[in-house]
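One-letter residues, chain by chain:
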Amino acid sequence: MMTTEQQVLIDDLDAANQKCKTVLNCLKSKNDIEEFEQLVLNLQELVVKRQSLLDVLIADDSFVQRDYLQRQLELALSLEVKAKLVLNNLHSEIHLGKKNQRQVNVYKSIDSDR
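Residues numbered from 1 in each chain as written. Predicted model: local features only at pLDDT ≥ 70, side-chain atom pairs only at ≥ 80, totals over all residues. Heavy atoms only, no water.

Draft legend 1. Fine view of the overall build of the protein chain. Check the secondary structure of the protein chain and you find three helices and zero strands. The helix and strand sequence of the protein chain, counted from the amino end, reads α-α-α. The burial tally for the protein chain puts 21% of its 114 residues in the buried class. Put simply, of all contacts in the protein chain between residues at least 6 apart along the chain, 68% involve residues at least 24 apart. Put simply, the protein chain shows about 8,500 Å² of open surface, and 55% of that area lies on carbon and sulfur atoms. (Helix = DSSP H or I, 4+ residues; strand = E, 2+ residues; numbered from the N terminus. Buried < 20%, exposed > 50% of the residue type's maximum accessible area, 1.4 Å probe, protein only. Contact = heavy atoms within 4.5 Å. Areas by Shrake-Rupley, 256 points an atom, 1.4 Å probe, with all protein chains shown as cover.)

Here you go:
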């Protein structure tokens, strides 16, 4: 039997999970660096909150819903994969931006030599 406190923790955890998914989806499409940075900070706060909620549930000896905890582990792994994809995309964009900037600098240099 689940206690009211456990149910509140599960509800909070489910809400944090949904917000993590939403933020990760938003990160995929943001080009504005300030907005991107804010979303990353939000994601970091949500991950910390999620972990603290899980810690409380795991520490509760009366919480015996192993399948729920297993789903949380699977979700954590899924969120990690999505976060790594966003990170890899960001690295690619940064690299492309640096390459484009070098090309612009070469053209400026050529133009200034005329």
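Draft legend 2. Region of interest: the nonpolar core. Counting residues in each nonpolar core, the largest one holds 11 residues, listed as C20, V23, L24, L27, F36, L39, L43, L46, L75, L79 and V86. Within the residue set of this core, elements represented by two or more residues are α1 (4–29), α2 (33–59) and α3 (66–112). Once you skip the residues sitting within four places of it in the chain, L27 turns out to touch F36, L39, V40, L43 and V86. Listed in part, the eight residues of the second largest apolar core include L9, L53, F63 and Y68. (Core = buried A, V, L, I, M, F, W, Y, C linked by side-chain atoms within 4.5 Å.)

Draft legend 3. Main features of the packing of aromatic side chains. Evaluation of the coordinates by the stated rule reveals one aromatic pair. An angle of 85 degrees between the planes, with centres 6.3 Å apart, marks the rings of F63 and Y68 as edge-to-face. Its relative accessible area of 6% is what places Y68 among the buried residues. (Phe/Tyr/Trp six-rings, centres within 6.5 Å; stacked < 30°, edge-to-face > 60°.)

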